[in-house]
Amino acid sequence: MIKLVFIFLMTWTIDGSDVAKVNGLKKEGEKAFKAGNYTLAAEKFSYLIDSMNIDDENAVLNLGHSYFQLGKNEEAQNQYMKLILSENEELKSIAYQQLGALSNDPKTLQKALSFFKSALKANPRNEDARYNYELIKKKLTEQQDQDQDQENKDDQQENENQKDQEKQDQENQEGDQEGENEDGENRESEDQNEQSSEDQEGEDGEQDQNQENQQEGENDQEQEQQQNQEGQEGDQEEQQDQQNTDSQEGQEGQAPPSTSDKLKEMNISEEKAKMILEALKNSEIQYIQQNRRRPTNNQSSDKPDW
């Protein structure tokens, strides 16, 4: 609450005409201030101090109040600062109180609290200063709590961000590890596939070799059978040639024997002779068929003949 201070002038410092003028300016300033015409009030009090050189602390305080109401904080602060060294403790307390009111800003609460405290020291009975002091002190406490809460939130958020970053780094590391494992598994699978292919090729080659060996064995068996058959036929031809020679020698002195006589000489019945001829015929047919089935490629020289 702004208290307007009435000005009492020392009559012996100025003459009668000046006293009347000063009193007139004082009344006009007070009337304008009460009416809310702070511009006119500031003009009247400023004229008293600057133009008429009235050295009165009450006039200075009233001019500061007028600037304060006009929102001219810098001009008001200059007037209040003139009174902080005053010997009048009441005016001094009011000046400090107004300086505290001008500093009632979230950024300058600590400064405002200091001004209100000085006002109480100058005049402990200044209840307005006491009320403002407690109010600013409460605001500072709330502000400190808010700052602390915000700091805690910032720390918590930073910790969460750090944990998220660590988690993300761990996931990335695990992903890289999984990728390396997958690459290793793929390489191992490729190696196994290659090994399986080689084993399969080896089995196929071995199977082909077995088939080839089996075919060669069959060919060798057919060749052996053919050789046996040829040897049998050779023996039969040799026997027949011997018989023909013997017959020819016997025919020189006698008539050629008949087929029955020849068979009797050979001690072979006609029935057995027919079976022999039939067997020879079948062997010849089998020999011809085997020659047709015989492969045309030559036998490898680096393989065994069995």
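Residues numbered from 1 in each chain as written. Predicted model: local features only at pLDDT ≥ 70, side-chain atom pairs only at ≥ 80, totals over all residues. Heavy atoms only, no water.

J.: Which residues make up the overall build of the protein chain, and what values go with them?
T.: In terms of helices and strands, the protein chain carries nine helices and zero strands. In the protein chain, the succession of helices and strands from N to C terminus is α-α-α-α-α-α-α-α-α. Counting across all 306 residues of the protein chain, residues that qualify as buried make up 24%. The contacts of the protein chain with a sequence gap of at least 6 include a subset with a gap of at least 24, amounting to 54%. (Helix = DSSP H or I, 4+ residues; strand = E, 2+ residues; numbered from the N terminus. Buried < 20%, exposed > 50% of the residue type's maximum accessible area, 1.4 Å probe, protein only. Contact = heavy atoms within 4.5 Å.)

J.: If you had to explain the packing of aromatic side chains to someone new, which residues and values would you point to?
T.: Counted by the stated rule, this structure contains two aromatic pairs. Ring centres 5.2 Å apart and planes at 75° place the aromatic pair Phe-33 and Tyr-38 in the edge-to-face group. The exposure class of Phe-33 is buried, given its relative accessible area of 11%. For Tyr-38, a relative accessible area of 23% puts it in the partly exposed group. With 6.4 Å between their ring centres and 35° between their planes, Tyr-96 and Phe-115 make a pair best called tilted. A residue pair is termed long-range when its members are at least 10 positions apart, and Tyr-96 in helix H5 (residues 89–102) and Phe-115 in helix H6 (residues 109–122) qualify at 19 residues. (Phe/Tyr/Trp six-rings, centres within 6.5 Å; stacked < 30°, edge-to-face > 60°.)

J.: Please give an account of the packing of helix H3 (residues 57–70) against helix H4 (residues 73–81) that cites residues and values.
T.: Two packed helices can be described by the angle between their axes and the distance between those axes. Orientation of H3 relative to H4, taken along the N-to-C sense of each, is 160°, at an axis distance of 8 Å. The angle between H3 and H4 falls in the class roughly antiparallel. Taken as a pair, H3 and H4 cross one another with a handedness that is left-handed. On the side of H3, the interface is formed by Val-60, Leu-61, Leu-63, Gly-64, His-65, Tyr-67 and Phe-68, while H4 contributes Glu-75, Ala-76, Gln-79 and Tyr-80. (Axes fitted to C-alpha atoms, helices over the stretch in contact; angles between N-to-C directions. Parallel < 35°, antiparallel > 145°, perpendicular 65-115°, else oblique. Left-handed = near helix turned anticlockwise from the far one by under 90°.)

J.: Describe in detail the confidence of the model for the protein chain, supporting the description with residues and values.
T.: Any region with low pLDDT has predicted coordinates that should not be read closely. Here the protein chain averages 79 in pLDDT, while 66% of its residues score no lower than 70. Considering only residues more than four positions removed or in separate chains, one finds that residues 6–14, a stretch of pLDDT under 50, has 17 contacts. (pLDDT = per-residue confidence, 0-100.)

J.: So what about the side chain of Ser-103? Which residues, and what values?
T.: Note on placement: Ser-103 falls in the loop between H5 and H6. Classification of Ser-103 as buried rests on a relative accessible area of 9%. Within the structure, Ser-103 has its side chain in polar contact with the backbone oxygen of Leu-99 (distance 3.1 Å). Once residues within four sequence positions are removed from consideration, Ser-103 is found in contact with Thr-108, Leu-109, Lys-111, Ala-112 and Phe-115. (Polar contact = N/O pair within 3.5 Å; in protein donor to acceptor, adjacent residues only side chain to side chain.)

J.: Break down the pattern of salt bridges for me, citing the residues and quoting the values.
T.: For the coordinates displayed, the defined rule picks out two salt bridges. The partner of Glu-127 in a salt bridge is Arg-130, with the nearest N and O atoms 3.9 Å apart. Taken together, the residues Glu-127 and Arg-130, both in helix H7 (residues 127–251) and three residues apart, mark about one turn of the helix. For Arg-130, a relative accessible area of 34% puts it in the partly exposed group. (Salt bridge = Lys/Arg side-chain N within 4 Å of Asp/Glu carboxyl O.)

J.: Let's hear about H4: which residues, and what values?
T.: Within H4, burial applies to Ala-76, Gln-79 and Tyr-80. Projection of H4 onto a plane perpendicular to its axis shows the buried side chains occupying an angular sector of 100°, all on one side. Among the structural elements, H3 and H5 are those in contact with the buried residues of H4. (Arc of directions from axis to C-beta.)

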